[in-house]
Amino acid sequence: MSSVQTSHQAVDVQGLWKIFNEGSNNEVTALSDINLSIKPGEFISLIGPSGCGKSTLLRVIGDLTDATRGEVFIAGETAHIAREKQLYGIAFQQAALFDWRTVRRNVELPLELQGLGKKERRERALELLELVQLSDFAEHRPWELSGGMQQRVAIARSLAVDPPLLLMDEPFGALDEMTRERMQNELLRICQETGKTIIFVTHSIPEAVYLSDRVVVMSPRPGRITHTVPIELGERNEDTRETDTFYAGVTAVREALRGRSTSASPSRIEEF
Amino acid sequence: MSTQTAVQSRRTGRFSGIWPPILIAVLFLAAWQIFVVARDIQPYLLPAPSLIVTNFFTDLSLMWAAAFYTGTTAFLGLVFGTVLGLVMALLASRFIVVNHLVTPLAAGLAAVPIIALTPILNNMFNITSRTPRVLVTMIIVLFPMFVNVTRGLLQVKPVQLELMRSMNAHPRTTLKVLRIPNAIPFFFTGLKVAAPLAVIAALVAEYFGGPQEGLGSRIASAAANTAYGRAWAYVVASIITGLIFYLVVVAVEKWTTPWTGRTQST
Ligand SMILES: Nc1ncnc2c1ncn2[C@@H]1O[C@H](COP(=O)(O)OP(=O)(O)OP(=O)(O)O)[C@@H](O)[C@H]1O
Ligand SMILES: [Mg+2]
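For clarity, every value in this text was computed on a predicted model and none was experimentally measured. (Residues numbered from 1 in each chain as written. Chains lettered and ligands numbered in written order. Predicted model: local features only at pLDDT ≥ 70, side-chain atom pairs only at ≥ 80, totals over all residues. Heavy atoms only, no water.)

Looking at this model, I keep getting lost on the overall build of chain B. Mind explaining?
Secondary structure assignment for chain B yields 11 helices and zero strands. In sequence order, the secondary structure elements of chain B are arranged as α-α-α-α-α-α-α-α-α-α-α. Considering only C-alpha atoms, chain B reaches an extent of 75 × 60 × 30 Å along its principal axes. Within chain B, counting contacts between residues at least 6 apart in sequence, those at least 24 apart form 74% of the total. Within chain B, one finds 18 positive and 6 negative side-chain charges whose respective centroids are separated by 16 Å. (Helix = DSSP H or I, 4+ residues; strand = E, 2+ residues; numbered from the N terminus. Contact = heavy atoms within 4.5 Å. Lys, Arg positive; Asp, Glu negative; His and termini not counted. Charge placed at Lys NZ, Arg CZ, Asp CG, Glu CD.)

Just to check I follow, could you spell out the site of ligand 1 for this structure?
Residue and element names in this part refer to chain A. Near ligand 1 lie 13 residues; those nearest to it are S50, G51, K54, S55 and T56. At 3.0 Å from an oxygen atom of ligand 1 is found a main-chain nitrogen or oxygen belonging to G53. Measuring from an oxygen atom of ligand 1, one finds a side-chain N or O atom of H203 at 2.9 Å. Relative to its unbound accessible area of 630 Å², ligand 1 is 67% covered by the protein chains. When residues in the shell around ligand 1 are grouped by element, the largest group, three residues, is from helix α2 (residues 54-61). A class-by-class count of the residues in the shell around ligand 1 yields four nonpolar, seven polar and two charged. (Near = heavy atom within 4 Å. Polar contact = N/O pair within 3.5 Å; in protein donor to acceptor, adjacent residues only side chain to side chain. Areas by Shrake-Rupley, 256 points an atom, 1.4 Å probe, with all protein chains shown as cover. Nonpolar A, V, L, I, M, F, W, Y, C, P; charged D, E, K, R; others polar.)

Hey, could you run me through the interface of chain A and chain B in this one?
By a widespread convention, an interface's size corresponds to the accessible area lost as its parts come together. With 26 residues of chain A at the interface, the matching set in chain B holds 23 residues. Summed over both sides, the interface of chain A with chain B buries roughly 2,500 Å², with 61% coming from carbon and sulfur. The tally of links from chain A across to chain B stands at two salt bridges. Salt-bridge contacts for R165(B) lead to D63(A); the nearest nitrogen and oxygen are separated by 3.4 Å. (Buried area = accessible area lost by both parts, 1.4 Å probe. Salt bridge = Lys/Arg side-chain N within 4 Å of Asp/Glu carboxyl O.)

Please clarify how the coordination of the magnesium ion (ligand 2) should be interpreted in this entry.
For a metal with four donors in a tetrahedral arrangement, the ideal angle between donors is 109.5 degrees, while six donors in an octahedron ideally sit at 90 or 180 degrees. Residues and elements named next belong to chain A. The protein atoms donating to the magnesium ion (ligand 2) are S55 (OG) and Q93 (OE1), with metal-donor distances spanning 1.9 to 2.4 Å. Taken together, the positions of S55 in helix α2 and Q93 in the loop between β6 (88-91) and α4 (103-113) put the pair 38 residues apart, joining distant regions of the chain. For Q93, a relative accessible area of 40% gives the class partly exposed. (Donors = N, O, S within 2.8 Å, 3.2 Å for Na, K, Ca; no water. Buried < 20%, exposed > 50% of the residue type's maximum accessible area, 1.4 Å probe, protein only.)

What exactly am I supposed to notice about empty space enclosed by the protein here?
To find leftover empty space, one rolls a probe the size of a water molecule over the atoms. Under the counting rule described, the total for this entry stands at three cavities of 30 Å³ or more. One number sums up the size of the largest cavity: a volume of about 110 Å³. As for the largest cavity, its lining consists of Q86(A), Y88(A), G89(A), I90(A), P110(A), R157(A), S158(A), A160(A), V161(A), L163(B), S166(B) and M167(B). At the level of secondary structure, the elements contributing two or more residues to the lining of the largest cavity comprise β6 and α6 (147-159) of chain A together with α8 (158-166) of chain B. Top element by residues in the lining of the largest cavity is β6(A). It accounts for three residues. Residue classes in the lining of the largest cavity are distributed as seven nonpolar, four polar and one charged. (1 Å grid on protein atoms, 1.4 Å probe; cavity = no way out; pocket = protein on both sides within 12 Å on 5 of 7 lines; lining within 4 Å. Points joined across faces, edges and corners; volume = space filled by probe spheres on them.)

Mind showing me how you'd approach the sheet that holds strand β2 (residues 28-38) of chain A here?
Note: strands within a sheet are paired through backbone hydrogen bonds, in either parallel or antiparallel orientation. All names here are of chain A. The strand order across the open sheet formed by four strands is β2-β1-β4-β5, and the pairing between neighbours is antiparallel. Bordering the open sheet on either side are β2 and β5 (77-78), each of which pairs with just one other strand. Here strand β4 (residues 69-74) pairs with β5 via two bridges, running antiparallel. Each bridged residue has a counterpart across the sheet, and for I74 the counterpart in β5 is E77. (Pairing = 2+ DSSP bridges.)

Whenever I open this one, the domain arrangement of chain B confuses me. Can you help?
We note that the domain assignment places domain 1 (1-41) and domain 2 (50-256) within chain B. For domain 1 of chain B and domain 2 of chain B, the distance between their C-alpha centres works out to 29 Å. (Domains from an automatic or database assignment.)

Looking at this model, I keep getting lost on the packing of α6(A) against helix α7 (residues 177-194) of chain A. Mind explaining?
Helix-helix packing: each pair is described by the crossing angle between the helix axes and the interaxial distance. Residue and element names in this part refer to chain A. Remark: α6 packs on α7, axes separated minimally by 13 Å, with the N-to-C direction vectors making an angle of 5 degrees. Accordingly, the angle class assigned to the pair α6 and α7 is roughly parallel. On α7, the residues that touch R152, I155 and L159 of α6 are T179, R182, M183 and I190. Tallied by class, the residues present in the contact of α6 with α7 amount to four nonpolar, one polar and two charged. (Axes fitted to C-alpha atoms, helices over the stretch in contact; angles between N-to-C directions. Parallel < 35°, antiparallel > 145°, perpendicular 65-115°, else oblique.)

I tried to follow α4(A) on my own but got confused; where do I start?
Given 3.6 residues per helical turn, the α-helix brings residues three or four places apart onto the same face. Within α4(A), nine of the 11 residues are buried, which leaves the element mostly enclosed by the surrounding structure. Packed against the buried residues of α4(A) are α5 (118-131) and α6 of chain A together with α8 and α9 (171-204) of chain B. At the C-terminal side of α4(A), G115(A) shows a positive phi close to 80 degrees.

Can you help me understand α9(B) in this one?
Look at α9(B): only 43 Å from first C-alpha to last across 34 residues, short of the 50 Å you get at 1.5 Å a residue. The largest bend in α9(B) is about 40 degrees, located at R179(B), with the proline P181(B) one to four residues further on. (Expected span 1.5 Å × (residues − 1). Bend = angle between axes of the 7 residues up to and from the residue.)

How do you make sense of the side chain of R180(A) when you look at a structure like this?
Inspection of the secondary structure assignment puts R180(A) in helix α7. Sequence-distant contacts of R180(A), that is, excluding residues within four places in its chain, are made with F172(A), G173(A), L175(A), T202(A), S204(A) and E207(A).

Would you mind going over the pairing of strand β8 (residues 197-201) of chain A with me for this structure?
Remark: a regular strand shows side chains that alternate across the two faces of the sheet. Residue and element names in this part refer to chain A. The element β8 is extensively covered by neighbouring structure, given that five of its five residues are classed as buried. Neither face of β8 is left uncovered, since the one carrying T197, I199 and V201 and the one carrying I198 and F200 both have all their residues buried. Pairing geometry for strand β7 (residues 165-169) and β8, over five bridges, is parallel. Paired with M168 across the two strands is F200, which belongs to β8. Of the crossover connections in this fold, the one passing from β7 over α7 to the parallel β8 is right-handed. (Right-handed = clockwise from strand over helix to strand, strands pointing away.)

Can you walk me through the packing of helix α4 (residues 60-94) of chain B against helix α7 (residues 131-154) of chain B in this structure?
Between α4(B) and α7(B), the least distance of the axes is 6 Å, while the angle of their chain directions is 35 degrees. As for how α4(B) packs across α7(B), the hand of that crossing is right-handed. (Left-handed = near helix turned anticlockwise from the far one by under 90°.)

Would you explain the pattern of salt bridges in this entry?
If the charged atoms of two oppositely charged side chains come close together, the side chains can form a pair. Overall, the coordinates contain 20 salt bridges over all chains when judged by the stated rule. Note that E112(A) and R105(A) form a salt bridge whose closest N and O atoms lie 3.4 Å from each other. According to the relative accessible area criterion, R105(A) is partly exposed, its value standing at 30%. Measuring nitrogen to oxygen at the nearest pair gives 2.9 Å for the salt bridge that ties K192(B) to E253(B). Of the two residues, K192(B) is situated in helix α9 and E253(B) in helix α11 (residues 228-256); the sequence distance between them amounts to 61 residues. Taken together, the shared-partner salt bridges connect R104(A), E108(A), R121(A) and E139(A) into one network.

Set out below in structure tokens:
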């Protein structure tokens, strides 16, 4: 597996276009000419105003909707094969839990589809629930949980089959600041320990900077990548959010979102 | 959760539950009784509640038998109609072609007047048997079951379908894991409509000859014999039978699907 990962990009998006309702008068160009290569183990954030195509990009990468033009490869496979091989886990913008299942059995779902035994499933699900600090709610129903708790269940579910790639669409949007920071650290820890590649959609600039190796800035109408901001914060710890490099990163991303790049930024910003 | 619902029921307790409808029913019956006695209304126009109640209890054992007979017809029709409705819904949700074929057919069946159908079925099948009545009931039950369950199977949140797709789930797995559980609340909605309808259908089907032991036959013969108090007493028994069918469905729903009627998670 490591040989596959070293010889291929974790994700390779080439000349990708997504046009909804092409040819009709409510045509929307959601993505235009997206090129993005992600190395194995890299943490990428997508940031940009609402409607710029972040969710659509994740859905095309996950082979949940077809590209209009262009190609997507995951670990050298086409997106379609990658989905069949379960090479990624996804946490959607909505938690998308099944009300008729308990929290634990929601987390078990991907394992169930893989045909894993009852006992193993249960153990793994409880392990994951502990990770997102919801052990006490294993036998509750989703509607008994707050929005943020539901979102954490969805994250646990996306981790269930231990996929090499995680697609996360604003997973921490509904969390309070404290839980959010804790989940961010958990996520970074999981990445480091397992070498997962992550594509992470967020509306929070500090979150993007704190988590990422690269922040990809998008702009709408048509949805496209305008800047890529590399972040070099090194090992994250409690003081990281106070460092000058962190603030510089935040400024760089903010400027990029405003549509210009500053020379004051220490980071090298690639413009498109 | 428990504290919240407790607070809620305490707050609404005085104005909800079983007492308000009972109070209204008692007031209504009292007004009815006073009206009939004061104006000296003849029983063939409107019998007094007291007359109906007296008849109800004098005829009680016969009434039991009648309610049991009609209830059995209704139950059989309900079971067969539900099973057929479920099969049609599964096919319709799986194959768009079937959906286009079956939906107008089911709607057509729903539009068939039971009155026109019963004498024909009586001729087609053995009039002395229960069969034509069960068939009529089945046809009446079919439509609400089919429509509701089909909707439940198809009305799945797009994001849940995408989740199944991301896990590379086979359509059969999606049916089992997502569509069918999603359709269960819809199934009960259909059943709550179909169950009392089944009683009405079973009862009306008795007006067109055949065995005379059911509620419908008793109402018809009592009215023909100008025993209006008795006719009304059987109407009351019919209402109770329909209500029992409905309440059983409600109880089964509460017991089997604790997640319905809750705020849906996102
Ligand atoms: N199924 C669809 N049919 C038609 N247009 C769509 C569809 N899905 C998305 N779009 C359009 O594509 C564009 C990008 O949508 P997308 O959901 O990817 O935005 P987003 O960046 O995720 O926004 P947000 O931050 O609000 O989640 C929008 O203009 C949207 O209207
Ligand atoms: Mg989105």
